[in-house]
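# Descriptive structure summary
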Amino acid sequence: MKGAMILTISALLTKILSALYRVPFQNIVGDVGFYIYQQIYPIYGIVLALSTYGFPVIVSRMIAEKEGDHESVEVTTIIRSSFSFLLIISFIWFLLLFFGAPYLASMMGDEQLAPLIKVISVSFLILPFTSILRGIYQGKEDMLPTAVSQVTEQFIRVATILVFSTWLVYGGYSLYTVSLGALFGSLTGGMAGIFVLISFVWVRKDQLGTSFQSQKYSQMIKIWKTLFFQGTAICISGMLLVLLQFIDSLNVYMLLTQQGMEEELAKKLKGVYDRGQPFVQLGTVVATSLSLTLVPMITSAYKKKKLDLVKEKTQLALKVSLFVGFAASIGIMNIIVPMNTMLFKNAEGSGVIAVFCLAIMFSSMIITISGIFHGIGDIYYPAIVILSGVILKFILNLLLVPLLTTMGASVATILALTVITILLIKKLRHHFGFRLVDWDLYRKMVIAGAAMTIFLQLWCSLYFVTIEQGFHERTMAAIFSLTGVSAGAMVYIYITLKRNVFTYKELSILPFGEKLMSISKRMK
């Protein structure tokens with residue numbers, strides 16, 4: 001539990017850093033520069049998922065399953081075979097991306113992206129080292145090296161992005177060169193992560209299975225198969241939002257230009273559309289950080305065949321992710337104009353971003369349900385469903401973007417996530433044999449959301465009045481956004497507690513539960 005808490009905190013910090021840096025970066029490079037960077041970012045996101053959530057998990061699981069001495073022949077075989085597999089796979093991906101960069105850039109409709117793709121392809125060469133070292137330590141139930149390396153990697157990466165982009169913009173370089181410098185952060189961050197992990201090895205004088213041992217071909221192939229199939233499945237579940245971003249990178253800009261739109265305008269529209277990513281990422285982190293704390297309890301109860309406890313914790317996890325995800329989606333949608341202005345200087349694309357923010361609710365549910373599936377040992381079904389949803393997103397983009405431009409891309413994302421959510425819920429309900437969410441929850445959720453919407457709409461009306469009176473727009477946007485988020489959350493929580501959405505027992509399990517219980521009792 002201590003190790004899980006360490007990893008949870010590090011994951012939260014890295015995700016928050018990953019979402020927040022986009023705001024100053026967009027302010028530095030503008031919408032076109034943001035478009036250029038966001039076209040390439042999903043490739044790095046895939047590398048990050050592979051080296052953080054995919055391969056280290058499988059390597060650690062294989063090591064943890066071996067009883068006795070961690071320097072045994074079996075563990076050494078796992079480490080050496082895993083490293084050789086990751087080295088080969090990573091080198092193949094590097095070659096495909098590096099030499100296929102012109103072709104991929106052409107697919108995206110912007111051949112100037114080719115040098116940027118070549119730079120980001122190098123990050124695949126870092127993947128085997130971070131993955132195997134993290135996997136070894138996690139397999140020994142030592143989560144500190146992984147956590148420190150993750151946070152350090154993200155911090156150095158973000159610092160590199162902001163420093164390089166500022167320097168290059170003020171130096172008068174082109175936006176493509178600026179984005180090239182920003183993407184260099186993926187390499188500095190990755191090298192920093194490796195340095196931290198090696199430092200732990202050096203300070204502790206760990207052997208880590210580096211001694212020579214002869215390996216049986218059959219054992220090596222078995223390990224390779226486990227890494228390929230199980231690692232890929234876990235990675236796909238962890239790459240939901242990144243894969244959807246990658247689909248947008250592939251065809252949104254291309255479809256806009258194919259409809260006769262000028263290239264510069266298409267780049268700007270795509271950059272404005274990409275403003276929605278930080279909103280969705282932060283909202284999803286908030287919702288899932290609460291619900292995923294219950295997954296270890298579900299796993300433990302499931303293994304002990306305590307079905308009543310499984311039902312109780314599963315329903316609570318889904319209730320939390322749905323309720324918080326819905327609140328985040330509706331809240332941001334209602335004050336998107338001042339928030340967009342506060343963060344990105346103007347309110348362009350607010351309608352498109354508002355629709356896109358519905359993804360918070362669905363992605364929160366999907367990530368929570370996938371976590372439950374993984375906890376009970378079913379890692380393949382969520383991966384298959386998510387991959388199918390990504391393909392559906394690609395098709396929907398082809399149909400909707402030519403008709404609705406970037407609004408079509410937002411709608412396509414929401415439709416794809418809706419289908420994924422429905423399929424996962426149906427399967428989980430069939431697996432457990434009980435209703436996952438009580439219908440009364442939806443009614444209470446709508447009432448709380450409606451109350452918050454009425455309040456925030458009145459609040460935004462006051463914001464527009466201040467703008468008409470000549471007050472500084474961005475200053476007012478910051479004031480009304482921050483106070484609106486706080487006040488809107490208070491309204492939502494008040495209705496939630498007033499209508500007994502959560503029992504005292506359920507509140508006691510959640511973070512800040514004691515405080516919420518105290519407030520609820522005083523209200524009564």
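Conventions and cut-offs
- Residues numbered from 1 in each chain as written.
- Predicted model: local features only at pLDDT ≥ 70, side-chain atom pairs only at ≥ 80, totals over all residues.
- Heavy atoms only, no water.
- Helix = DSSP H or I, 4+ residues; strand = E, 2+ residues; numbered from the N terminus.
- Rg over C-alpha atoms; globule rule 2.2 N^0.38 Å.
- Buried < 20%, exposed > 50% of the residue type's maximum accessible area, 1.4 Å probe, protein only.
- Contact = heavy atoms within 4.5 Å.
- Salt bridge = Lys/Arg side-chain N within 4 Å of Asp/Glu carboxyl O.
- Phe/Tyr/Trp six-rings, centres within 6.5 Å; stacked < 30°, edge-to-face > 60°.
- Expected span 1.5 Å × (residues − 1).
- Axes fitted to C-alpha atoms, helices over the stretch in contact; angles between N-to-C directions.
- Parallel < 35°, antiparallel > 145°, perpendicular 65-115°, else oblique.
- Nonpolar A, V, L, I, M, F, W, Y, C, P; charged D, E, K, R; others polar.
- Patch = residues over 30% accessible without salt bridge, like charges linked within 9 Å, V, L, I, M, F, W, Y side chains within 5 Å.
- Areas by Shrake-Rupley, 256 points an atom, 1.4 Å probe, with all protein chains shown as cover.
- Polar contact = N/O pair within 3.5 Å; in protein donor to acceptor, adjacent residues only side chain to side chain.
- Left-handed = near helix turned anticlockwise from the far one by under 90°.

## Observations concerning the overall build of the protein
Scanning the protein for helices and strands turns up 22 helices and zero strands. Against the 2.2 N^0.38 benchmark of 24 Å for 524 residues, the protein shows a C-alpha radius of gyration of 24 Å, consistent with a compact globule. Going through the 524 residues of the protein one by one, you find that 53% of them count as buried. The contacts of the protein with a sequence gap of at least 6 include a subset with a gap of at least 24, amounting to 82%.

## Details of the pattern of salt bridges
In total, this model carries nine salt bridges according to the counting rule given. Here arginine 134 makes a salt bridge to glutamate 153, at a shortest N to O gap of 2.8 Å. One end of the pair, arginine 134, is in helix α5 (residues 127-139); the other, glutamate 153, is in helix α6 (residues 144-170), and 19 residues separate them in sequence. Summarising the burial analysis for this pair, arginine 134 and glutamate 153 share the class buried. Residues arginine 443 and aspartate 440 are paired through a salt bridge, measuring 2.6 Å at the closest nitrogen-oxygen approach.

## Describing the packing of aromatic side chains
Taken as a whole, this structure holds 27 aromatic pairs when the rule is applied. Between phenylalanine 455 and tryptophan 459, the aromatic rings sit 6.0 Å apart at their centres with planes inclined by 15°, giving stacked as the arrangement. Note that phenylalanine 455 and tryptophan 459 are positioned in helix α19 (residues 439-468) at a spacing of four residues, about one turn of the helix. A ring pair is formed by tryptophan 459 and phenylalanine 480, whose centres lie 5.1 Å apart and whose planes are at 50°; its orientation type is tilted. Remark: phenylalanine 480 occurs in helix α20 (residues 473-498) and tryptophan 459 occurs in helix α19; sequence separation between them is 21 residues.

## Observations concerning helix α16 (residues 359-375)
Between its first and last C-alpha atoms α16 spans 24 Å; for 17 residues at 1.5 Å apiece the expected length is 24 Å, and the two agree. For α16, a buried count of 15 out of 17 residues is recorded, marking the element as mostly surrounded by other parts of the structure.

## A look at the packing of helix α4 (residues 114-121) against helix α7 (residues 175-204)
Here α4 crosses α7 at 10°, and the two axes come no closer than 9 Å. As judged from the angle between their axes, α4 and α7 are roughly parallel. In this structure, α4 contributes Pro115, Leu116, Val119 and Ile120 to the contact, and α7 contributes Tyr176, Ser179, Leu180, Leu183, Phe184, Ser186 and Leu187. Counted by class, the contact of α4 with α7 contains nine nonpolar, two polar and no charged residues.

## Notes on a nonpolar patch on the surface
On the surface, a nonpolar cluster with roughly 520 Å² of combined accessible area is contributed by Leu387, Ile391, Phe394, Ile395, Leu398 and Leu399. Along the chain, the position of phenylalanine 394 falls in helix α17 (residues 380-404).

## Looking at the side chain of serine 329
Its location among the elements puts serine 329 in helix α13 (residues 307-334). Since its relative accessible area comes to 0%, serine 329 is described here as buried. At 2.9 Å, the side chain of serine 329 and the backbone oxygen of cysteine 357 are in polar contact. When neighbours within four sequence positions are excluded, serine 329 is seen to be in contact with Cys357, Leu358, Ile360 and Met361.

## Focus: the environment of alanine 327
Within the fold, alanine 327 resides in helix α13. Remark: the alpha-carbon pair of alanine 327 and threonine 418, spanning 91 residues in sequence, is separated by 17 Å.

## A word on the packing of helix α9 (residues 240-258) against helix α18 (residues 406-432)
Relative to each other, α9 and α18 sit at 150°, their axes nearing to 11 Å. Classified by the angle between their axes, α9 and α18 sit roughly antiparallel to one another. You can see that α9 and α18 cross each other, and the crossing is right-handed. Two secondary-structure elements touch here, α9 through Leu240, Leu244, Asp248, Val252 and Leu256 and α18 through Thr406, Ala409, Thr413, Leu417 and Ile420.

## Digging into α17
Under the 1.5 Å per step criterion, the end-to-end length of α17 is 35 Å for 25 residues, consistent within 8% with the ideal 36 Å. For α17, the secondary structure elements touched by its buried residues are α8 (217-238), α9, α10 (263-273), α16 and α18.

## Side note on unusual backbone geometry
In this structure, lysine 345 takes a positive phi of about 80° despite not being glycine. Summarising the element assignment, lysine 345 is placed in the loop between α14 (336-344) and α15 (350-356).

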